[in-house]
Structure formats: C-alpha cells, structure tokens
Amino acid sequence: MSRETGSAASQAPVGILKIGKVYRYARPYRPTPFEIDGLPNFFAHVASPGMTLPTLERGINAMRAITAAEGPRRAAILISSSPHKVGSDFTPWQDTFEPDLGFVRYYGDNKSGATHPQRAPGNEVLLREFQLHSSPKAADRQRATPLVLFERVEVEGRQKGNVKFAGLAVIERAECVTQFNPATQEYFTNYVFEFAVLSLTHESESLDWGWIAARRDTRATLEGILPKAPSAWQEWVRVGNDALPRLRRHVSKMSVVPTGEQRPTDGSREGSVLKEIYAHYTGRKHRFEALASAVAAQVLSASGVIYREGWITPGSGDHGTDFVGRLTIGSGFASVKLVVLGQAKCESLTSPTGGVHVARTVARLRRGWIGAYVTTSYFSEPVQREVFEDQYPIVLVHGRDVAQTAVRLAHKSGHRDVEAYLSTLDVRYESLISHRRPEEVLFD
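Definitions and cut-offs
Residues numbered from 1 in each chain as written. Predicted model: local features only at pLDDT ≥ 70, side-chain atom pairs only at ≥ 80, totals over all residues. Heavy atoms only, no water. Buried < 20%, exposed > 50% of the residue type's maximum accessible area, 1.4 Å probe, protein only. Helix = DSSP H or I, 4+ residues; strand = E, 2+ residues; numbered from the N terminus. Arc of directions from axis to C-beta. Contact = heavy atoms within 4.5 Å. Phe/Tyr/Trp six-rings, centres within 6.5 Å; stacked < 30°, edge-to-face > 60°. Lys NZ or Arg CZ within 6 Å of the ring centre and 35° of its normal. Axes fitted to C-alpha atoms, helices over the stretch in contact; angles between N-to-C directions. Parallel < 35°, antiparallel > 145°, perpendicular 65-115°, else oblique. Nonpolar A, V, L, I, M, F, W, Y, C, P; charged D, E, K, R; others polar. Pairing = 2+ DSSP bridges. Right-handed = clockwise from strand over helix to strand, strands pointing away.

A. The arrangement of helix α11 (residues 355-363) in detail. Considered for burial, the residues of α11 that qualify are Val358, Thr361 and Val362. Viewed along the axis of α11, the buried residues span an arc of 100°, placing them on a single side of the element. Summarising the geometry of α11, the exposed residues directed more than 90 degrees from the buried face are Val356 and Ala363. Close packing links the buried residues of α11 with β19 (334-345), β20 (370-375), α12 (381-389) and β21 (394-397).

B. Broad picture of the packing of aromatic side chains. Under the defined criterion, the tally for this structure stands at 13 aromatic pairs. Note on Tyr106 and Phe195: the rings are 5.9 Å apart at their centroids and 25° apart in plane angle, and the pair reads as stacked. Of the two residues, Tyr106 is situated in strand β12 (residues 103-107) and Phe195 in strand β15 (residues 186-197); the sequence distance between them amounts to 89 residues. A relative accessible area of 0% means that Phe195 is categorised as buried. An angle of 25° between the planes, with centres 6.1 Å apart, marks the rings of Tyr191 and Phe193 as stacked. Residue Tyr191 is classed as buried on the basis of its relative accessible area of 16%. One aromatic cluster in this structure is built from Tyr25, Tyr29, Phe42, Phe43, Phe150 and Phe165. One Lys or Arg, Arg152, reaches over the ring of Tyr25 and ends 5.4 Å from the middle of that ring.

C. Focus on the packing of helix α9 (residues 269-280) against helix α13 (residues 399-412). Across the interface, α9 lies against α13 with an axial gap of 9 Å and an inter-helix angle of 90°. In terms of orientation, α9 lies roughly perpendicular with respect to α13. Taking contact as the criterion, the partners of Arg269, Glu270, Val273, Leu274 and Ile277 in α9 are, on α13, Gly399, Val402, Ala403, Gln404, Ala406, Val407 and His411. Each residue belonging to the contact of α9 with α13 can be placed in one class, and the counts come to seven nonpolar, three polar and two charged.

D. Looking closely at the pairing of β21. Summarising the sheet, β20 and β21 pair through four bridges and their orientation is parallel. Each residue of the ladder has a partner; that of Val374, found in β21, is Val397. Regarding the hand of the β-α-β motif, the stretch spanning β20, α12 and β21 is right-handed.

E. Representation of the side chain of Ser206 within the structure. Turning to its location among the elements, Ser206 is positioned in strand β16 (residues 206-208). Taking the relative accessible area as the measure of exposure, Ser206 reaches 10% and is therefore buried.

F. Geometry of the pairing of strand β18 (residues 323-331). Pairing between strand β17 (residues 306-312) and β18: six bridges, direction antiparallel. Directly across from Ile306, in β18, lies its bridge partner Thr328. Here β18 pairs with β19 via nine bridges, running antiparallel. Its bridge partner being in β19, Leu327 is matched across the sheet by Leu338.

Now the structure itself:
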C-alpha cells in the first residue's frame, strides 16, 4: 500500500484529468497553486475536500482501503511508469505504454527478487484485484478497483516531477516471468500485468476525479457510485471482459508524424544512444542490418503477433532488401504467414531519409508481403503521405524508435549498455547472412 500525504484544502476543487496532458508532481504536496513551472499542479486535480492526497511515490500506488457498509474497497490504484529509469538497479526492465492502442504491459514490484513475487506489496494488491477484474460475476467487477495510469516524462530537460495521464484501465492478464538484471547479473522472478486501457470518448478524453472521490466516501454505495463512472467502466462492469474489444481505447491518428516526434530531443538518453549507434556503424554501415532486423522484430511483435527473424541478405545485389522475417497472424490451422522484407539505413541523424529508398523497398513487395524500413534518420511529410495515400504495406521505424528499442533489447539480453549489445550483434553478423529467396522464410 502506498503512502498518502498531506491534506486537501476544504475549498480545493475536484479536478479533471485529461489524457495525454502533463502535470507537475512537485513538493510540497498540496493542491495550490493550480500551476507550477508552467504545468497544471497534479495535486490540484486529484484533491478531494477533507481527504488525504494520493501520491505517486511508487510504481503501484494503492490508495488506502476504506470500510463501507458493503465491505472494504479502494477508490483507485495509481500506476506510475518511469521509462527514463529502465536498465538501472532500480528498474531493470521497461514497461510498454500504448494507451492510444488500449494496451499497457506493466512489470510488478518484485525488483530485488528477495521474496516470492506474489508477496511483493504491489504485486499482491494487483493479483488480488485481478481476481475481481477477471471474474464472470458483475457483482465482483463492481467491487473491482479502477487503475489510473500515469507515465513519467521529461519536460525541458527535467526528468523528475512530470507525470502524463495515460488513462483508465482494467487488468486483463497476469503472468509470472523470469527476468534478468544486467546491473547485478542475477535472475529473479516477477509478475507482468497486461492492462486494457478503456475508451473515454464519451467523456471527451477526460477522467472526472469526482468519481474517485465518491468511491472514497464510506457513506456511498457501489450501486450509487457507478453512474458517476465513465461509460466504458459501467459497460465493463455490466458485461465483463467480453466487451473489451469494443471498450478498449483506440485513437485514429493523422498519418503524418512531425519530425520532432521522430528524433530524440537534444541531451536526452535516446539522443545519446542514437548518436552512439550511428558512430558504432560509421565505416561499416552494412552491419546496421543486424540491429535493424532485431528492432523490426521487437516493433512488429509488440502488437501481439508472432514474428520470427529470418536472415540478412548479402551485401550486394539485395535490390532493396537488407533482411527477411516472417509474420504469423493467428494460430494453428487458423493462421497465415507473411513475408517481411526489411530495409536498413544507417544515415544522417539530421536529414530525412530519401523517399526513393522507401519506394525501392515497396517495389520489391509481392502480394501479401509486408515491408519494414528501419532508419536512424526520420521520414519527411511527403514520404509519409505517399505511403499513407498509396496504402503501401510498409512499417516505418524512425530514429527515435530505433534508440528506444535498442535500449530495451540491450537490457533484455543482459548487456549493461547498448555498445556491448551492438558488439554482440557484430560477432553474429556473418552467420546471419544467407543467399536464400525471401519466400523460403515461410517454410522454416
């Protein structure tokens, strides 16, 4: 159970949390002023008159349970993820936050491995809640505690004290896994949870904290509180997980991603990593193909489909193909395998990749094949629009994604830093080269 500190002023308003908005989380913890350092004050938006302030001191912050007439309940569990700490002694893993796709993969709090994973305080709370969230009984789901998601982000070079509201969620899956901490060179067991992020379309992408405040009122009944909940939560309570496919958050985005979102910010960890990658492959850029293949595998498999790396094509005569992979959708008899042709470009970090290279990869695709274009650079607006308007079946992976994924792959494979991981790929590079035809990957 997380620590709760401070008291809300009697006149403090109950706030509205907006998905994607960044809030200032700073000491001293109090609901005033309403703005700090140019950002809205987190505590001004989660304050409830006469009640203690919820905090984000841990990854899993369970608000204090209350005892109502119907029995004990929690108002909410606040989940906080800190991507800038990935690979440290404190956080030797990386959560996957994809709220716009309605999906979050979140690692529990058995960080040291000193205890059984189900006994770690946060894991214990979430596992107990998982029984209610996965129950086929509406009465159990009505007693379930909502998860309120936050992601710590960097603002103007400041890594600490900035939290972005990522949505409202329910626990969809829980799995005990073995992890490796590259900092301590030790294996440990932990739980990983998958959250379904619910749509807040009917609430204009906002969460009214008044619902959470009502859940903290010992005089209020669950039946009386439910109408205050977002409509997706109400429907989930009524129908259960069978309704998640239509209740899950999904954002229809513009096809064009601005340059600033494709390149790491100056001075950031991703920026340093991308420069490190570019420098590593200077004078031997063909070897970037091994990293590009691994990055494509991670990006494509993140959506839940099965991806298998194939091989790297020879250095000459590839005609727009640098690596080959296989994507499998479905399972058993009800499955289909697709060839993935990949292009790898280790190119200038400050100039957009050439549209002719993207077109060259697309020209190699046969019906039912998919392309993957991985670059240390970024894609211009005209190139993106051409891919979208012509409906090319190609996945574009820009420099920022390359850097972030390389960090994840390095720590996942037990390396202390990205440079060590790249050196390992160099050792394997020659063995990955094959002269086979792309379609042969379907029969491996």
